[in-house]
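One-letter residues, chain by chain:
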Amino acid sequence: MSFKNPSVNQIRFITVKDSSAMDTVLAPKLRVRNYNTDWVFILLCFCFAMFAFINTVYKKRVLQLMKAFWVSNYSSQLVKAENVLIKQASLLLSVLFLFSFSLFSYQLVHHYYRNFLIYSGLELYFLIMLCLIAFYAVKLLFFTLVAFIFNADGETKEYTFNVFLINQTIGLLLLPLVALINYLPANNHAVLLFIGLLLIVSFFLFRIIKGLVSLWFSGVFSKSYLFLYLCALEILPLIVIGKFIFDKYQL
C-alpha cells in the first residue's frame with residue numbers, strides 16, 4: 001500500500017507492507033470517545049436549550065431559588081408563599097436535573113461496567129431515568145405519609161422543597177460536566193467522573209445536614225424516626241456511592 005506525503009515539496013511514496021500496522025498507528029488518533037454520542041448530542045442541546053429558556057423566562061425566580069439554597073428562613077418563606085411562578089421554575093429545574101443526572105449516571109455506568117451491561121445507549125439511559133423517577137416517587141409518597149401521620153404538613157413541605165432545591169442545583173452543575181465527559185478524550189473521563197461523584201456526595205451531605213437541623217429543632221418528629229429515615233433513604237445511597245469511589249479510585 002502507498003500514499004503521498006504532502007508535508008514536503010517533493011512527492012514521495014511510502015510503502016507499508018502490513019496494513020494492520022497502519023491501523024495501529026492511526027487508531028489512537030481516531031478513538032477520541034469510547035461510545036456513540038449522536039443521541040447524547042441531541043440530549044445536551046435539549047438540556048442547554050431548556051436552561052436558556054428557564055434563565056430567560058424565570059430568571060428572577062431562579063435567583064430566588066438560589067438564595068433559598070443558602071438561607072433556610074428564605075426557603076421557608078417561599079414554601080409558605082406558594083408562588084405559582086416559583087413552582088413552575090422549580091418544576092422545570094427538576095426536569096433538567098432528571099435529564100442531566102441520568103446522563104451522568106449513564107456515563108459513569110458505561111465507563112466502568114460497559115462490558116457487563118445487558119442494555120446500552122438510549123435503552124440504558126432511559127432505564128436509569130425510570131429508576132430515578134421511581135426512587136423519587138417513592139420518596140414523595142413517603143413524605144406524604146409522614147405529613148399525614150405526624151400532622152406535620154408545613155415541616156414536610158419545607159423539607160421536600162429543600163430536597164428538590166438541592167437536586168436542581170446538582171442538575172445545573174452537572175450539565176457542563178456531562179458535556180465535557182462527552183467531548184473530551186476517554187482518558188480524561190475517570191477524573192471528570194470522580195469530580196462529579198464528589199460534587200454529588202458533597203451536596204447530598206449538605207442536604208442531610210440542612211434537613212436534619214430543620215427537622216430536629218422543629219420538635220414534631222421523634223428522634224428515632226428521624227434516625228431511621230436518614231439511614232434508609234439518605235445515608236444508605238451515600239454509603240453506596242462512597243464505596244464505589246473508594247473501590248474504583250483506590251482511595
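Residues numbered from 1 in each chain as written. Predicted model: local features only at pLDDT ≥ 70, side-chain atom pairs only at ≥ 80, totals over all residues. Heavy atoms only, no water.

Glancing now at the overall build of the protein chain. Regarding its fold elements, the protein chain presents 9 helices and 2 strands. Listing every helix and strand of the protein chain by position from the N terminus yields β-β-α-α-α-α-α-α-α-α-α. For the protein chain, the residues scored as buried account for 41% of the 251 residues in total. Pairs at least 24 apart in sequence give 76% of the contacts found in the protein chain among residues at least 6 apart. Summed over its atoms, the accessible surface of the protein chain is roughly 15000 Å², and 69% of this surface lies on carbon and sulfur atoms. (Helix = DSSP H or I, 4+ residues; strand = E, 2+ residues; numbered from the N terminus. Buried < 20%, exposed > 50% of the residue type's maximum accessible area, 1.4 Å probe, protein only. Contact = heavy atoms within 4.5 Å. Areas by Shrake-Rupley, 256 points an atom, 1.4 Å probe, with all protein chains shown as cover.)

This paragraph deals with the packing of helix α2 (residues 38-57) against helix α7 (residues 153-183). For the pair α2 and α7, interaxial distance at closest approach is 11 Å and the crossing angle is 155°. Considering their axes alone, α2 and α7 lie roughly antiparallel with respect to each other. Regarding α2 and α7, the two cross each other, and that crossing is left-handed. Between α2 and α7, the contacting residues are V40, F41, L44, C47, F48 and F51 on the first element and L172, L175, V178, A179, N182 and Y183 on the second. (Axes fitted to C-alpha atoms, helices over the stretch in contact; angles between N-to-C directions. Parallel < 35°, antiparallel > 145°, perpendicular 65-115°, else oblique. Left-handed = near helix turned anticlockwise from the far one by under 90°.)

All right, on to the nonpolar core then. Counting residues in hydrophobic clusters, the biggest one holds 54 residues, and the most contacted among them are L65, L103, F104, Y125 and I170. When residues of this core are traced back to their parent elements, those giving at least two are α2, α3 (59-70), α4 (72-81), α5 (84-113), α6 (121-150), α7 and α8 (189-216). Residues within four places of F104 in sequence aside, it is in contact with L174, L177, V178, I181, L192, L193, G196, L197 and I200. (Core = buried A, V, L, I, M, F, W, Y, C linked by side-chain atoms within 4.5 Å.)

Residue placement: S75 occurs in helix α4. In contact with S75, not counting residues within four places along its chain, are A68, E158, F161 and N162.

Interhelical geometry of α3 versus α7 gives an angle of 110° and a closest axis separation of 10 Å. Considered as vectors, α3 and α7 are oriented roughly perpendicular to each other. Crossing handedness for the pair α3 and α7: left-handed. Listed contacts from α7 to L65, M66, A68 and F69 of α3 are F161, L165, I166, Q168 and T169.

Here α7 spans 45 Å end to end across 31 residues, near enough to the 45 Å set by a 1.5 Å rise per residue. The largest bend along α7 reaches roughly 35° and is located at L174, with the proline P176 sitting one to four residues downstream. Most of α7 is tucked away: 22 of the 31 residues are buried. (Expected span 1.5 Å × (residues − 1). Bend = angle between axes of the 7 residues up to and from the residue.)

Taking 1.5 Å as the rise per residue, α6 with 30 residues should run 44 Å; its terminal C-alpha atoms sit 44 Å apart, in good agreement. Among all positions in α6, only G121, L124, Y125, I128, M129, L132, Y136, K139, F143, V146 and A147 are buried. The first or second residue beyond α6 is N151, which carries a positive phi of 50°.

This is a description of form; function is not addressed.
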